[in-house]
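Take a look at the letters that make up each chain.
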Protein chains: 2
Amino acid sequence: MSDIVKEPVNKKQKTDEYVLYYVGTPGRGEYVRLAFEYAGVPYTEMSDPSKLLATITDPAKSGHPPHFAPPALKLPSGRFLSQTPAILSHIAPKFGLAGKKEGDEAEEERSLVNQLVLTALDLCNETHDVHHPIAVEDYYEDQKEAALARAKSYRKSRLPKFLKHFQAVLSSNPEGKKNGGTYLIGSSTTIADLVLFHVLEGVLFAFPKRTAALKKSGEYDNVFALQNRVAGENGIKEYISSGRRQKFGNGVFRHYAELDAEE
Amino acid sequence: MSDIVKEPVNKKQKTDEYVLYYVGTPGRGEYVRLAFEYAGVPYTEMSDPSKLLATITDPAKSGHPPHFAPPALKLPSGRFLSQTPAILSHIAPKFGLAGKKEGDEAEEERSLVNQLVLTALDLCNETHDVHHPIAVEDYYEDQKEAALARAKSYRKSRLPKFLKHFQAVLSSNPEGKKNGGTYLIGSSTTIADLVLFHVLEGVLFAFPKRTAALKKSGEYDNVFALQNRVAGENGIKEYISSGRRQKFGNGVFRHYAELDAEE
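Worth saying up front: this structure is predicted, and the values here are computed from it rather than measured.

(A) Fine view of the overall build of chain A. Counting its regular elements, chain A contains 10 helices and 4 strands. Reading chain A from its N end, one meets helices and strands in the order β-α-β-α-α-β-β-α-α-α-α-α-α-α. Relative to its length of 263 residues, chain A is compact, with a C-alpha radius of gyration of 18 Å against a globular reference of 18 Å. Each principal axis of the C-alpha distribution contributes one length, and for chain A these read about 55 × 50 × 35 Å. Buried positions account for 57% of the 263 residues belonging to chain A. Within chain A, contacts between residues separated by at least 24 positions form 69% of all contacts whose residues are at least 6 apart in sequence. On chain A, roughly 10,600 Å² of surface is accessible, and the fraction owed to carbon and sulfur atoms is 51%.

Here it is, written out as structure tokens:
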């Protein structure tokens, strides 16, 4: 339970009415879980694949409009919201995860947090696309040759480009410096920090050799310090040690030894 | 100039202070342009590539944080915001493009609009990735074989899946029915309608044969009716006929005859 929840969930609603519709593996649904775990807001999960999809794709059940894919979050109002960045941008200000600015500036800060979330999720998407560069509906083994080529570009060009960007964001944050330069915006944890944390965890799982080499270069120290810092935050620390956090496997982030290398 | 602007830009600020930082071609920056054109809000553009990038990637010039890539929008406050969905979600309520609900429901509707925008932009991204499945930093010609394989999956599986989704959204919208089923949410134009319009224009440019065949099937009539409806809206109609709207070319949406087919 974090002590920095700025604005509790609407008091007219019971906070245990949030239900995350997602199949277990720590893919895109994990970003939503981390927001709840950090903020200490109760939630439950619906993870039966067929029931899940039947509900969220049926407008009569989910409330208009139907949804393209999980994760979807059933809100206390009974309506469903899907698309990870839309869910996160919706709950972030309610959970105190959209920055600490007040008044006119609050909305701009929330949008900047959203911007950072979207860039971190772009890295998540590109990490996924390495193992599925041709067709998401086909097996990895059927597109392995293209995956090997894409992995080379990812390791050499894309992953360092994203890490360089986040290093620049962290090291140029005027308010974050007093906290060791591990806050993407302001001087408190936002949903952007939580998302980048999980992306880094996923990248480390999928590309351990390349990630170790990039870490060793010393060029992205603030980025990896953020990963450590978030792992120790109240709410997240307890979640990690609870055993409820599921292991990476065959989801968005996958480890194929042949796609990884130090360079 | 549209007549349905709900909430004009903050009156304390001059509306001509919005500056779009983007290189001309109608890629991701076009979604931002359409919001301004529809709402009749003045904006200018900065499209000099080197000056543009030097500004938005330098935190001292752009205001914290630095940005990963254009488009970026200079806000009336002087701060910059990047990531297309973050920009659109920020300006949509100010421009009357985030739905018409009031009070508590307004924020949920804005998030649902954001959800729909994100799904339409996923289709945009997948359409782009067809011609660059391996490495964005390399030429199409150097990844043509993989592009041909990805195009096959896109035409057969991905494009119809997205169209089917938007057809379901449009045809199940209880409020939109009285307007011919061409509103993704509610019964007024939102940024989601404008984004889907431009994605469809781009898909039609890139895959004219496949798009014609899907249109002819009659399974996605509401989707193509939305495309027609938005093209005739006040603000958009004038923009199209003004000659200011740039032609598709070598940007996000590209036409390579060998990637297109009826099936």
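(B) Expanded view of the side chain of A:Arg210. With respect to the helices and strands, the residue A:Arg210 is situated in helix H8 (residues 208-216). Non-local contacts of A:Arg210, meaning those with residues more than four positions away in its chain, are made with A:Arg155, A:Lys156, A:Leu159, A:Pro160, A:Asp260, A:Ala261, A:Glu262 and A:Glu263.

(C) Seen up close, the nonpolar core. Counting residues in each nonpolar core, the largest one holds 138 residues, and the members touching the most others are A:Ile191 and B:Ile191. Summarising the domain contributions, this core has at least three residues from each of domain 1 (15-91) and domain 2 (104-259) of chain B.

(D) Highlighting the interface of chain A and chain B. Each partner contributes to the interface: chain A provides 55 residues, whereas chain B provides 55 residues. Counting each side, the surface lost to burial between chain A and chain B is near 4,500 Å², with a carbon and sulfur contribution of 56%. It is A:His64, A:Phe68 and A:Glu108 that lose the most area in chain A upon contact with chain B, and together they represent 16% of the buried surface on that side. Counting every contact that joins chain A to chain B gives 2 salt bridges. A salt bridge links A:Arg110 to B:Glu107, with the shortest nitrogen-to-oxygen separation between them at 2.6 Å. Of all elements in the fold, only strand E4 (80-82), helix H4 (84-91), helix H5 (104-131) and helix H6 (144-171) of chain A reach the threshold of two or more residues within the side of chain A that touches chain B. By residue number, the principal contributor to the side of chain A that touches chain B is H5(A), which donates 13 residues.

(E) Looking closely at the pattern of salt bridges. The final tally for this structure, using the stated rule, is 24 salt bridges over all chains. Measuring nitrogen to oxygen at the nearest pair gives 3.3 Å for the salt bridge that ties B:Asp193 to B:Arg229. Here the residue B:Asp193 occupies a position in helix H7 (residues 191-206), and B:Arg229 occupies one in helix H9 (residues 221-231), the gap between them amounting to 36 residues. Neither B:Asp193 nor B:Arg229 differs from the other in exposure class; each is buried. Among the ionic contacts, a cluster of salt bridges with common partners joins A:Glu107, A:Arg110, B:Glu107 and B:Arg110.

(F) Local environment of the sheet that holds strand E2 (residues 44-46) of chain B. Residue and element names in this part refer to chain B. The strand order across the open sheet formed by 4 strands is E2-E1-E3-E4, and the pairing between neighbours is mixed. Each end of this open sheet is capped by a strand with a single partner; those strands are E2 and strand E4 (80-82). On average, each strand axis in the sheet is inclined to that of its neighbour by 25°, with strand direction left out of account. Bridge count between strand E3 (residues 72-74) and E4: 3 bridges; the pairing is antiparallel. Among the inter-strand pairings, Lys74 is bridged to a residue of E4, identified as Phe80. The sheet strands contacting helix H2 (residues 49-56) are strand E1 (19-21), E2, E3 and E4, and the helix crosses E1 at an angle near 100°. Docked against the sheet, helix H4 (residues 84-91) engages E3 and E4, running at close to 120° with respect to E4.

(G) The arrangement of helix H2 (residues 49-56) of chain A in detail. Residue and element names in this part refer to chain A. For H2, every residue scored as buried is listed here: Leu52, Thr55 and Ile56. For H2, the arc enclosing every buried residue in end-on projection is 85°, short of the 170-degree limit, so these residues lie on one face. Looking at the buried side of H2, the elements it contacts are strand E1 (19-21), strand E2 (44-46), helix H3 (59-62), strand E3 (72-74) and E4.

(H) Representation of the packing of helix H5 (residues 104-131) of chain B against helix H6 (residues 144-171) of chain B within the structure. All names here are of chain B. The geometry of H5 relative to H6 is characterised by a closest axis approach of 9 Å and an angle of 165° between their N-to-C directions. Classed by the angle they form, the pair H5 and H6 counts as roughly antiparallel. Handedness of the H5/H6 crossing: left-handed. Here Leu116, Thr119, Ala120, Asp122, Leu123, Glu126, Thr127, Asp129, Val130 and His131 of H5 come into contact with H6, specifically with Ala147, Arg150, Ala151, Tyr154, Arg158, Leu159, Phe162, His165, Phe166 and Val169. Of the residues that constitute the contact of H5 with H6, the class distribution is 11 nonpolar, 4 polar and 5 charged.

(I) Summary view of the UniProt feature "domain: GST C-terminal" (unreviewed entry) in chain A. Per the UniProt record, "domain: GST C-terminal" (unreviewed entry) is annotated on residues 106-259 of chain A. What you have in residues 106-259 of chain A is 63% helix and 0% strand, and the ends, taken at the C-alpha atoms, are 42 Å apart.

(J) Main features of H5(A). With 28 residues, H5(A) ought to run about 40 Å at 1.5 Å a step, and its terminal C-alpha atoms sit 43 Å apart, in line with that. In terms of burial, H5(A) is a largely internal element, 22 of the 28 residues being buried.

(K) Layout of unusual backbone geometry. In this structure, A:Pro71 follows A:Pro70 across a cis peptide bond, with omega equal to 5°. Tracing the sequence through the fold places A:Pro71 in the loop between H3 and E3. In this chain, B:His64 is followed by B:Pro65 through a cis amide linkage whose omega measures -10°. When you line up the elements, B:Pro65 lands in the loop between helix H3 (59-62) and E3. A positive phi angle is found at A:Gln83, which is not glycine, with a value near 75°.

(L) Representation of the sheet that holds E2(A) in the model. Residue and element names in this part refer to chain A. Ordered by their spatial adjacency, 4 strands build an open sheet running E2-E1-E3-E4, and the pairing between neighbours is mixed. Every interior strand has two partners, whereas the edge strands, E2 and E4, have only one. Between one strand axis and the next, the sheet turns through 25° on average, direction left out of account. In the packing of helix H1 (residues 29-39) onto the sheet, the strands contacted are E1, E2 and E3, and the crossing angle to E1 comes to about 165°. Its contacts with the sheet place H2 against E1, E2, E3 and E4, and it is angled at close to 100° to E1.

Rules used throughout
- Sequence order as written defines the numbering, with residues in each chain counted from 1.
- Just so you know, chain letters begin at A and ligand numbers begin at 1, following the order they were written in.
- With the structure being a predicted model, the display of local features is reserved for residues of pLDDT at least 70 and the display and counting of side-chain atom pairs for 80 or more, all residues being used for whole-chain, interface and lining totals.
- Hydrogens and waters are ignored; side-chain quantities use all the structure's heavy atoms.
- The numbering of helices and of strands both runs from the N terminus, where a helix is a DSSP run of H or I of at least 4 residues and a strand a run of E of at least 2.
- Two things to know: the radius of gyration comes from C-alpha atoms, and the globule rule equals 2.2 Å times the number of residues to the power 0.38.
- Whether a residue is buried, partly exposed or exposed follows from its accessible area with a 1.4 Å probe, protein chains only, as a fraction of its type maximum: under 20%, in between, or over 50%, in that order.
- Two residues qualify as a contact provided that any one of their heavy atoms is within 4.5 Å of a heavy atom in the partner residue.
- Computed with a 1.4 Å probe, the accessible areas rest on the Shrake-Rupley method; for each residue, only the protein chains presented here act as cover.
- To define a nonpolar core, start from buried Ala, Val, Leu, Ile, Met, Phe, Trp, Tyr and Cys residues and group those joined through side-chain atoms within 4.5 Å.
- Throughout the structure description, domain borders are defined by an automatic or database domain assignment.
- Summed over both partners, the accessible area lost on bringing two parts together, with a 1.4 Å probe, is the buried area.
- Salt bridges are defined by distance alone: a side-chain nitrogen of Lys or Arg within 4 Å of a carboxyl oxygen of Asp or Glu.
- For two strands to be treated as a pair, DSSP must find no fewer than two bridges joining them.
- The angle between two axes is taken between their N-to-C directions and runs from 0 to 180 degrees, where each axis is a line fitted to C-alpha atoms and a helix contributes only its stretch in contact.
- Taking the helix axis as origin, the arc is that swept by the directions to the C-beta atoms.
- By definition in this entry, angles of less than 35 degrees are roughly parallel, angles greater than 145 are roughly antiparallel, angles of 65 to 115 are roughly perpendicular, and the rest are oblique.
- Crossing handedness is read from the near helix: turned anticlockwise from the far helix by less than a right angle, it gives a left-handed crossing, and turned clockwise, a right-handed one.
- All residues other than Ala, Val, Leu, Ile, Met, Phe, Trp, Tyr, Cys, Pro, Asp, Glu, Lys and Arg, Gly among them, are scored as polar; the first ten of these are nonpolar and the last four charged.
- UniProt positions are given in the numbering used here, feature names are shortened, and annotations may be inferred rather than shown by experiment.
- Expected helix span is taken as 1.5 Å per residue step, with the number of steps being one fewer than the number of residues.

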